[in-house]
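Observations on chain architecture
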Amino acid sequence: MKDAAIVSPEMPDVRLDQIVKLAIMAVGGQGGGVLTDWIVDLAEGNGYAVQATSVAGVAQRTGATIYYVEMLPQSGRLPVLALAPAEGDVDILIAAEMMEAGRAIMRGFVTPDRTTLIASSHRALAISEKIAPGMGLADSDAVRKAAGESARRVIIFDMETIAREAGSVISASLFGALAGSGTLPFPSEAYRETIRASGRGVGASLKAFDMALAAAAGEDAMPVGNLEDAPAPGGILPLSATPVDAEHEPGRIVGPDRLLRDWQALIARVAALPGHVAAIADLGLRKLVDYQDAAYGAAYLDRIDGLLRQDRAAGGAAKEFAFTATAAKYLANAMAYDDILRVADLKTRQGRHARISDEMRATEGTLVQVTEYFHPGAAEAISIMPRRLGLWVEGRAGLVRGLDRIVNRGQRLRTDRLATFLALYAIAGLRRWRRGLLRHDREMAHIDGWLDVALGRLPSDYRHAVETLKVRRLIKGYSDTHARGLSKFQRVMAGAELVTGRDDAADWTARLVAAALADPKGAALDGALQTIRSFTTAGSA
Amino acid sequence: MAERSFKKEVEQLRIGAGDIFRGEGILAITKALLENGVGYVGGYQGAPISHLMDVLADAEELMAELGIRFEANASEAAAAAMLAASVHYPIRGAVTFKSTVGTNVASDALANLASGGVTGGALIIVGEDYGEGSSIMQERSHAFAMKSQIWLLDPRPNLPSITDAVRHGFALSEASNTPVMLQVRIRCCHVHGAFTARDNQRPPLTVRDALSNPRRDTNRIVLPPASFRHEQEKIHTRWPAAVDYITTHGLNEVFGPDEARVGIVLQGGMYNAVIRALQRLGLADVYGDTDVPLYCLNVTYPLVDAEFLAFCGGKDAVLIVEEGQPDYIEQALRAVLNKAGHGIKVSGKGVLPMAGEYTGQVMLDGIESFLRQYADDMLADRARAPNRPGPVPDLTRVVPGRPPGFCTGCPERPIFAAMKLVEEELGPHQISADIGCHLFSIMPPFELGGTTMGYGLGPASNAAFDGGGERRPISIMGDGGFWHNGLSSSIGNAVFNKSDGVTIIVDNYYSAATGGQDILSSRAGNPTKQTQNPISRALKGVGVGWVRQVDRTYDVSRMRKVLKEALTTDHAGPKVIVASSECMLNRERREKPLLAQAIKDGRRVARPKFGVDEEICTGDHACMRLSGCPSLTLKMPDDALRDDPVAHIDQTCVGCGNCGEVADAAVLCPSFYQADLVHNPSRFEIGNARWQRRAIDWLQNRRAGKRLARETVR
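Chains are numbered independently. Their residues run from 1 in the order of the written sequence. All chains are assigned letters beginning at A, and all ligands numbers beginning at 1, according to the order in which they are written. With pLDDT at 70 or above as the cut-off, local features in this predicted model cover only qualifying residues; side-chain atom pairs require 80 or more to be listed or tallied, and sums for whole chains, interfaces and linings still use all residues.

Quick word on the overall build of chain B
Within chain B one finds 24 helices and 24 strands. In terms of overall dimensions, chain B has a C-alpha envelope of 100 × 70 × 60 Å along the principal axes. Counting across all 714 residues of chain B, residues that qualify as buried make up 56%. Think of it this way: build a C-beta for each residue from its backbone, and any pair within 7 Å is a contact. Contacts in chain B between residues at least 24 apart in sequence constitute 79% of all its contacts with a sequence separation of at least 6. Going along the chain from the N terminus, every DSSP run of H or I of four or more residues is numbered as a helix, and every run of E of two or more is numbered as a strand. Three exposure classes are used. Buried residues have 20 or more other C-beta atoms within 10 Å of their own C-beta, exposed residues have 12 or fewer, and partly exposed residues fall in between, all C-beta atoms being placed from the backbone.

Okay, structure coming up:
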């Protein structure tokens, strides 16, 4: 007990600062346990007394989990170490995912006086982010900023991708980033030894370790580059697995020469448009030519020209023709409506099978058998009938029911088999007659109605006209989903009508769109509409 | 076979005297049991002591060598009842379970055990599931110790202390003929540390030997008049004996200087947190040598009045650090002081919060404000005017919550997807949930289930609705809960009362939530247990007339059909659906090596995986609202004209098929596809695929030659 004398109130034990406090925040299943074991072995193997704890329990099941390690150079006696991280008292915080870094910051585990934050910038999306009908992704940039403010030192890059490229898992790249950070007094070789001793997937682990080590130590420009880059919305999401090979640029339009001549003519027309409009019209054009044909693209550009004329008349030039630009975007999406023909076309396209094989990491000599999940209904069947026939059938409820009995069943189609491929290929072939089909009629009528309303608002309220165009965003999906989208569209358009004439009409319409995207059933939208009615009708009463 | 194997660690259990043991707390406890000649062990899994059960199971061979009987009990009640072997026989027994939920279940047996008392040491190792990471209601085991008069050990959370606690626990139990409860907190169970081992001991009397010469003593049986004598014994014999053992063996520890104006009384489990706070205040060094005297209660029940009064001697004030509520210890100690007419000032709940975990910050603030009040001069200037970290950036509106949920490919997901679809058709129902992974159904995206009353009590908690009504009540229960208690308390109850309700039994082949331990209905063979007892047979056995067995839960359309039938059939009496598919976590662990081997051996293996055609997905996320699978996620489309992220299936997909099934059953969209990777295909397969591929290529080229199109499709 006499050693206690060495501790005088004015001066806390200097050895306290030698205690390294390290916390790991991970998502259940990310292998935080493996990383913890490595760190323990590493420290014990290098003359440190180590204590590690974790909170397992059901949190392991995809929930947020936390592991905690404390270490101190070994002396004769056992030190007394804490079993849980404390606010403002963590030296190294390893976050195995971007939002977990945010959680660590929120919990006060990251402080400017002492904490080195090592975080992977990739995202593992929470369910709340996924189920929003619109854009529900959390803002990684906000976390990045907060990290800059709260940490003593920040090391953030995509450690998940590094691990995957190395054929390993993130624990290995996190271990490498820890080594690269130089926050622990151990040589990187000691880390490698630890991995070798653990004996599972050593080769891949070491590869991921070294890549991450280099990145963290700043020798490798690639991942550290992410530090400066503004991250994509929602941060670094799972990479699109689309094969990216040099001589294929995704947007490029290909085809027989005679058709390519028509294409050149269209491109020339786009070039003539005002810069901001041209950029979007170019994308729209590619989309629609790919969707149907050159003539369809021309029709699109004709509409753009018409819109641009009225935009100019409404003084759009001063506003970079925001109206036409917005229209160019949503008109392209509207004209490329999702129907069976398009689905069949995309499913039977050249290069798809190669893409899938690549996505599935199919090795040489393995067969890739592709099964499509279809579930058509009478509505779909009618939509691809010629206009007259479609209307005639629609008029007869009994006939529709009968038709539904025939077509309405789940179909599993093996598109790697010739017979089933042919069936889809034939449906895709109907594309040629698309303009004569009932669905096309409906879509075009809908587009006209929508644009007319927007154009009507153009002279009086430019911003509201633009927001009106954006309501088109609500229409997406197939069958029920599509119907739900349509009804939301109509309700928002009705709401927009009510506020027309007010100074804040544009803001209200934008709000309505946001509300419509807030939940599937449209509860938020109903609320917003209620509010609008309350003050619009109150005004009239 | 459990989720985590300790086969490697278990080898360490053989080391002898003087060797250094390194590992987790639970492993150390197991070693300590062997060192102290335990004769039989049992328990029921559940965090934080699930791994203790797994360790014991993996150590069965070693225990057999030592003549120790291991039992994976059917429930905590069964485990506690097993301690009956120590009533008449001088055999040491230990059981373990999660507390307080496990202790709730066990309390009938525990009360009877405590009343009659024990001859051989009886140790109940409870994993105190309190604070961060806990999955249960926040209560204390302390209450059970007090009500049945079972001694409660709460050792300092380091391996030497826990293992000592095991040793003294047995001795204390024998010295006072009272069962002893050893409480280990979540982090203590998983703490990695080291201690010096002793030799393993064969039990002096094994349970086998005991069977050769049975004993009985009517005075130990809980029935009048003995039961009244038991109560007197508890007070007049056993309690004093316990206090005597605790003092003579110094189970409670005192640290720090003998002379001081203030002191701290703490539960052993709080020791490290208290020391860390004192370290941060400059009042303790790294080895825990402290300027503030500490009275560390490694035994929190019974309390030793004399020790406590001696500690208070010459002090102005004492702080009582007791985590959780009610504040039993503080109340008791205040009473002691009051009876003794002692004038010392007492702080406790007040400077420290009445409810909630004592985290580092809470402890620091509490002890600091205590010292400021009674010993301000001890605080260094830094601590007196501490530079608190600045305000934490507010990310509450940015960072999404991440509650636990169904794993990738979980077979329970499609069950609830089907349920959601049925509700869209027939409207919402009264749904009672149960304990187990399936309880995640209460959270998004499913949000099904309104109550959970206990393990195997899902259907029982719908009993009030058994009479039926416009819509039938639905209850959910796991296979774990079914065998734990559900067969009688829930199913038997429903049959006897002619319930009109519908019950879904989620059969995933294991006690999955607790770590994938085997149970009666597990499909796998188990060398030491009898598995493969179908739930449906048990149901018919207790008289359920309407039973439907679904052998592939991923068939969402079928699940929906069966569920709808159950809700609409005119059959009288309970309707029970057994929805069976193997826990994907365990299945993957079981199959992965086998498949890898098969592929290496050149055998044909087809592995399904799922994908999404990005351009066909319209980004409505309807599929997400019926799934929530971790591998079904989002990405921004490469099409700059689109506003919303689209569905994407990442590399972790295990090809369970839920995506496609849901897209089909809910008539969502055709963007999902299944890709079966066929390894080592037969020659015929290759040829067959090749000519069809050629034909398809020809068709595609033909069309590509007649149209304009983007070079790549997504």
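Having seen it, we continue.
Points about the overall build of chain A
For chain A, the count of helices and strands is 24 helices and 9 strands. Here the C-alpha radius of gyration of chain A, 30 Å, is well above what a compact globule of 541 residues would show, namely 24 Å. A principal-axis box enclosing the C-alpha atoms of chain A has dimensions of 100 × 70 × 50 Å. Counting every position in chain A, which comprises 541 residues, the buried fraction comes to 50%. Based on C-alpha atoms, the radius of gyration is set beside the globule rule, defined as 2.2 Å times the residue count to the power 0.38.

Brief notes about helix H12 (residues 226–248) of chain B
Residues and elements named next belong to chain B. Each residue after the first adds 1.5 Å to the expected span of a helix. Between its first and last C-alpha atoms H12 spans 30 Å; for 23 residues at 1.5 Å apiece the expected length is 33 Å, and the two agree. Where H12 bends most, at Glu-233, the angle is about 45°. Three or more residues of H12 are buried, namely His-230, Glu-233, Arg-238, Ala-242 and Ile-246. For H12, the secondary structure elements touched by its buried residues are helix H7 (101–116), strand E6 (151–153), helix H9 (159–176) and strand E12 (299–301). Where H12 terminates, the next one or two residues include Gly-250, which has phi positive at roughly 55°. Here the bend at a residue means the angle between the axes of two seven-residue stretches, the one that ends at it and the one that starts at it.

Describing the sheet that holds strand E11 (residues 294–297) of chain B
All names here are of chain B. Only strands that DSSP links by at least two bridges are regarded as paired with each other. Spatially, the 5 strands line up as an open sheet ordered E9-E11-E10-E13-E14, and their pairing is mixed. Only two strands of the sheet have a single partner each, and these edge strands are strand E9 (253–255) and strand E14 (345–347). If you compare each strand with its neighbour and ignore which way they point, the axes differ by 20° on average. As paired elements, strand E10 (residues 262–267) and strand E13 (residues 317–321) share 5 bridges and run parallel to each other. Opposite Leu-266, over in E13, you have Val-321 as the bridge partner. Each axis is a line fitted through C-alpha atoms, taken for helices only over the stretch in contact, and angles between the N-to-C directions span 0 to 180 degrees. Helix H15 (residues 328–340) rests against E10, E13 and E14 of the sheet, and its axis sits at about 155° to E13.

A word on the sheet that holds strand E23 (residues 672–679) of chain B
Pairing is antiparallel in the open sheet, where 4 strands are placed in the order E9(A)-E8(A)-E23(B)-E20(B). Whereas interior strands pair on both sides, the edge strands pair on one side only; in this sheet they are strand E9 (411–414) of chain A together with strand E20 (605–612) of chain B. Taking the axes of each pair of neighbouring strands and ignoring which way they run, one obtains an average angle of 25° across the sheet. Pairing between strand E8 (residues 367–374) of chain A and E9 of chain A: 4 bridges, direction antiparallel. Pairing of Phe-374 of chain A across the sheet is with Gln-411 of chain A, part of E9 of chain A.

Structural notes on the environment of Gly-33 of chain A
By secondary structure assignment, the location of Gly-33 of chain A is in helix H1 (residues 32–44). Taking the C-alpha atoms as reference points, Gly-33 of chain A and Tyr-67 of chain A, 34 residues apart in sequence, are found 7.5 Å from one another.

Describing the packing of H9 of chain B against H12 of chain B
Residue and element names in this part refer to chain B. Across the interface, H9 lies against H12 with an axial gap of 8 Å and an inter-helix angle of 145°. As for the relative orientation of H9 and H12, their crossing is right-handed in sense. Across the interface between the two elements, Ala-171, Leu-172, Ala-175 and Ser-176 of H9 pack against Arg-238, Ala-241, Ala-242 and Tyr-245 of H12. Under the convention adopted here, Pro, Cys and the residues Ala, Val, Leu, Ile, Met, Phe, Trp and Tyr are nonpolar, Asp, Glu, Lys and Arg are charged, and Gly plus all remaining residues are polar. Residue composition of the contact of H9 with H12, grouped by class: 6 nonpolar, 1 polar and 1 charged. Crossing handedness is read from the near helix: turned anticlockwise from the far helix by less than a right angle, it gives a left-handed crossing, and turned clockwise, a right-handed one.

Some remarks on the pairing of strand E5 (residues 116–120) of chain A
All names here are of chain A. Along E5, 5 of the 5 residues are buried, which leaves the element largely enclosed by surrounding structure. Burial along E5 is two-sided: the residues Thr-116, Ile-118 and Ser-120 and Leu-117 and Ala-119 are all buried. The pairing of strand E4 (residues 92–95) with E5 spans 4 bridges and is classified as parallel. Directly across from Ile-94, in E5, lies its bridge partner Ile-118. A right-handed crossover is one whose linking path, passing over the helix from the first strand to the second, runs clockwise when the strands point away from the viewer. Each parallel crossover has a hand, and for E4 linked through helix H2 (residues 98–106) to E5 it is right-handed. As paired strands, E5 and strand E6 (residues 153–157) are joined by 5 bridges and run parallel to one another. What sits directly across from Leu-117, in E6, is Val-154.

Let's talk about the confidence of the model for chain A
Residue and element names in this part refer to chain A. For every residue, the predictor reports its confidence as pLDDT, a number between 0 and 100. Of the residues in chain A, 90% reach a pLDDT of 70 or more, and the chain-wide mean stands at 89. Element-level mean pLDDT values for chain A span from 36 in helix H9 (residues 221–228) up to 98 in E4. Across residues 1–10 the pLDDT falls below 50, and counting only partners more than four positions away or on other chains, this stretch makes 22 contacts in the model. Residue range residues 220–248 is modelled with pLDDT below 50. Its contacts to residues more than four positions away, or to other chains, number 59 contacts.

What about the nonpolar core?
By definition, a nonpolar core groups buried Ala, Val, Leu, Ile, Met, Phe, Trp, Tyr and Cys residues that are joined through C-beta atoms within 7 Å. Grouped together as the largest cluster of nonpolar side chains are 305 residues, with contacts concentrated most on Trp-151 and Val-274 of chain B. Within the second largest apolar cluster, 37 residues are counted, among which are Leu-308, Tyr-330 and Trp-450 of chain A together with Leu-708 of chain B.

Thoughts on the environment of Met-63 of chain B
Residue and element names in this part refer to chain B. Along the chain, Met-63 falls in helix H4 (residues 60–65). The buried category is assigned to Met-63, around which 22 C-beta atoms lie within 10 Å. Each C-alpha atom, one on Met-63 and one on Ile-29, is 14 Å from the other, the two residues being 34 residues apart in sequence. What Met-63 contacts, discounting residues up to four positions off in sequence, is Ile-68 and Phe-70.

Concerning the packing of helix H10 (residues 257–271) of chain A against helix H12 (residues 294–313) of chain A
Residues and elements named next belong to chain A. Close contact between H10 and H12 brings their axes to 10 Å; oriented N to C, the two are set at 10°. Taken together, the axes of H10 and H12 lie roughly parallel to each other. Counting all contacts with H10, which are made through Leu-259, Asp-262, Trp-263, Leu-266 and Arg-269, the residues of H12 involved are Ala-294, Gly-297, Ala-298 and Leu-301. Looking at the contact of H10 with H12, its residues break down into 6 nonpolar, 1 polar and 2 charged. An angle below 35 degrees is treated as roughly parallel, one above 145 as roughly antiparallel, one from 65 to 115 as roughly perpendicular, and anything else as oblique.

A closer look at the interface of chain B and chain A
The interface of chain B with chain A comprises 117 residues on the first partner and 136 residues on the second. For the side of chain B that touches chain A, the element with the most residues is helix H24 (residues 683–704) of chain B, which contributes 9 residues. A class-by-class count of the residues in the side of chain B that touches chain A yields 57 nonpolar, 35 polar and 25 charged. Inspection of the sheet shows E8 of chain A paired to E23 of chain B by 6 bridges, in the antiparallel sense. Directly across from Glu-372 of chain A, in E23 of chain B, lies its bridge partner Tyr-673 of chain B.

Looking at H7 of chain B
All names here are of chain B. The first and last C-alpha atoms of H7 sit 24 Å apart over 16 residues, in line with the 22 Å expected at 1.5 Å per residue. Of all the bends in H7, the greatest, near 60°, is centred on Ser-107. On the buried face of H7, the contacting elements are helix H5 (76–82), helix H6 (85–88), strand E4 (92–99), strand E5 (122–128), helix H8 (142–148) and H12. One or two steps after H7, the chain reaches Gly-117, where phi turns positive at roughly 85°.

Here's the deal with unusual backbone geometry
That bond from Ala-47 of chain B to Pro-48 of chain B is cis: its omega, 5°, falls within 30 degrees of zero. For Pro-48 of chain B, the position within the fold is in the loop between strand E2 (38–43) and helix H3 (50–58). Across the junction of Gln-325 of chain B and Pro-326 of chain B, the peptide omega takes the value 0°, indicating a cis bond. Examined against the element boundaries, Pro-326 of chain B turns out to sit in the loop between E13 and H15. Positioned with a positive phi, Glu-320 of chain A is a non-glycine residue whose angle comes to about 55°. Within the secondary structure, Glu-320 of chain A sits in the loop between H12 and helix H13 (322–335). Although it is not a glycine, Gln-532 of chain B adopts a positive phi angle of roughly 60°.

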